[in-house]
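What follows is each chain in one-letter form.
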Amino acid sequence: MKISAARVIVTSPGRNFVTLKLQTDEGLYGIGDATLNGRELAVVAYLNDHVLPCLIGRDPARIEDIWQFLYRGAYWRRGPVTMRAIAAVDVALWDIKAKLAGMPLYQLLGGRSRERVLVYGHANGEDLDATVDAVGRYIDMGYRAVRAQSGVPGVTLAYGVGRGTLNYEPADAALPTETAWNTSRYLDFVPRLFDRLRARFGNEVELLHDVHHRLTPMEAARLGRSLEPHRLFWLEDATPAENQEAFRLIRAHTTTPLAVGEVFNSIWDCKDLIQGQLIDYIRTTVVGAGGITHLRRIADLAALYQVRTGCHGATDLSPVTMGAALHFDTWVPNFGIQEYMRHTSETDAVFPHDYRFERGYLFAGDSPGHGVDIDESLAARFPYKPASLPIARLEDGTMWNW
Ligand code: GCO
Ligand code: MG
């Protein structure tokens, strides 16, 4: 069997997605996601100009060799653009292999380690009351784990709030929207939010929170400590992780579990945090870190240190990534939780899939492959729209982390 054609499909059913379709000379095809939020066309060019011409004529069964070819062969290693392009190829090849075997992808990975995949939803509101109500709505929908993000008095458009409820979508304009950030107000507010949530919903529901890289290490330590009574499932991206030593400081001050890694793109970004036992959950997902082939290496390294997985699953990760991640989650022994931000109905229609949500869990489907397809004629009805992620500034105008 040979790869006979490769095509990148860009579509915007509510938001932009970049999808790779690899075709074989025997009629089978595989689908991979290459979406990089706010930088989509860079990956399209990388695939079209540099990757796809090298794939034609290759044996699609040689997933590992093609991965190594694209990683080592570029000479310029890692980075979000390269690794997303590699992920798209890798996932499309696993899709082909599993279709050929007539098996759902999780079977090829080693089979089922669990019956269902625990997910968390993203509840948000413009203020404390609205956020408490939003968490209640998720619990009513059956969620057992909910991440709470709230507008803070004087900070209304920060990460996680003010851009829709079920389908939270931050990339809102062609050029970046400017938002304002205030750390003191935030640090005063968050413990009050979780006081209210535990008082209202008790301890049964798992609660999570995403700091979205906005604190310094010592501020993050203080927040983690102040949230200990509220028994969070995790505190996410408490400080930017370029300087991984920072997590040693946070760790020394708090037992609140820490999750990091949605912006990581290789095992090298995760290695020190995992080996130093500085985090509890690793957030890298299929599209972010070179596909199933590489994510599985990260998970195996993490398992040695009792670090569990918590794959990123925001709306900018297409249903193709969600499908592939669910097969990975169904297999991976050290699974923790899966993020599940729902896609719009337009997105779901463009990407027919066989995974389903039931009572707080997602279930990978049993059709051969990863179970997600693309309806190309429908996709063509939603042309690409430039959309950027917002930026944040402190009140004096200083650029901050959004
Ligand atoms: C999350 C994330 C996202 C990112 C988004 C950027 O935990 O879900 O932080 O919402 O902001 O994926 O494109
Ligand atoms: Mg996050």
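The structure displayed is predicted, hence computed values, not measured ones.

Peer 1: Go over the packing of aromatic side chains, please, and point to the residues and values.
Peer 2: A complete count under the given rule lists 14 aromatic pairs for this structure. Within the aromatic cluster, the residues linked to one another by ring pairs are Tyr120, Phe233, Trp234 and Tyr281. Across from the ring centre of phenylalanine 17, 5.7 Å away, lies the NZ or CZ of arginine 15, which sits over that ring. Between arginine 214 and the ring centre of tyrosine 186, over which it is positioned, the NZ or CZ distance is 5.3 Å.

Peer 1: Give a description of the site of ligand 1 that names residues and reports values.
Peer 2: As a structural note, the neighbourhood of ligand 1 is formed by 15 residues, with Arg147, His212, Glu236, Glu262 and Glu339 the closest of them. Separating an oxygen atom of ligand 1 from a side-chain N or O atom of tyrosine 159 is a distance of 2.8 Å. Contact between ligand 1 and glutamate 339: an oxygen atom at 2.5 Å from a side-chain N or O atom of the residue. Per-class residue counts for the shell around ligand 1 are five nonpolar, three polar and seven charged.

Peer 1: Go over the side chain of asparagine 334 with me, naming the residues and quoting the values.
Peer 2: The topology assignment puts asparagine 334 in the loop between helix H11 (319–331) and strand E12 (335–339). Note on asparagine 334: relative accessible area 9%, which makes it buried. There is a polar contact of 3.1 Å between the side chain of asparagine 334 and the backbone oxygen of valine 307. Beyond its immediate sequence surroundings of up to four residues, asparagine 334 is in contact with Ala299, Ala302, Ala303, Val307, Arg308 and Thr309.

Peer 1: Summarise the domain arrangement of the chain; cite the residues concerned and give the values.
Peer 2: The assigned domain composition of the chain is domain 1 (3–104) and domain 2 (109–366). A separation of 26 Å is found between the C-alpha centroids of domain 1 and domain 2. With 27 residues of domain 1 at the interface, the matching set in domain 2 holds 34 residues. Roughly 2300 Å² of surface becomes buried between domain 1 and domain 2 when both sides are summed, with 60% attributable to carbon and sulfur atoms. Joining domain 1 to domain 2, the criterion identifies three salt bridges. Its salt-bridge partner being arginine 78, residue aspartate 269 comes within 3.4 Å of it at the nearest N-O pair. In this assembly, domain 1 and domain 2 are joined by 13 residue pairs in polar contact (both at pLDDT 80 or more). A total of eight residues in the side of domain 1 that touches domain 2 trace back to one element, the largest contributor, which is helix H3 (residues 80–101).

Peer 1: Account for unusual backbone geometry, naming residues and giving values.
Peer 2: Phi at tyrosine 75 is positive, roughly 70°, even though this residue is not glycine. The phi dihedral of arginine 359 falls on the positive side, at around 45°, and the residue is not glycine. Take arginine 359: it is sitting in the loop between strand E13 (356–358) and strand E14 (361–363).

Peer 1: Outline the pairing of strand E3 (residues 29–33), supporting the account with residue identities and numerical values.
Peer 2: Across the five residues that make up E3, a large majority, four, are buried. Sheet topology note: the strand E2 (residues 17–24)/E3 ladder contains five bridges and is antiparallel. Across the sheet, residue lysine 21 finds its bridge partner in E3, namely isoleucine 31. Two successive antiparallel strands, E2 and E3, enclose a turn made up of four residues, where glycine 27 displays a positive phi of approximately 95°.

Parameters at a glance
- Residues numbered from 1 in each chain as written.
- Chains lettered and ligands numbered in written order.
- Predicted model: local features only at pLDDT ≥ 70, side-chain atom pairs only at ≥ 80, totals over all residues.
- Heavy atoms only, no water.
- Phe/Tyr/Trp six-rings, centres within 6.5 Å; stacked < 30°, edge-to-face > 60°.
- Lys NZ or Arg CZ within 6 Å of the ring centre and 35° of its normal.
- Near = heavy atom within 4 Å.
- Polar contact = N/O pair within 3.5 Å; in protein donor to acceptor, adjacent residues only side chain to side chain.
- Nonpolar A, V, L, I, M, F, W, Y, C, P; charged D, E, K, R; others polar.
- Helix = DSSP H or I, 4+ residues; strand = E, 2+ residues; numbered from the N terminus.
- Buried < 20%, exposed > 50% of the residue type's maximum accessible area, 1.4 Å probe, protein only.
- Contact = heavy atoms within 4.5 Å.
- Domains from an automatic or database assignment.
- Buried area = accessible area lost by both parts, 1.4 Å probe.
- Salt bridge = Lys/Arg side-chain N within 4 Å of Asp/Glu carboxyl O.
- Pairing = 2+ DSSP bridges.

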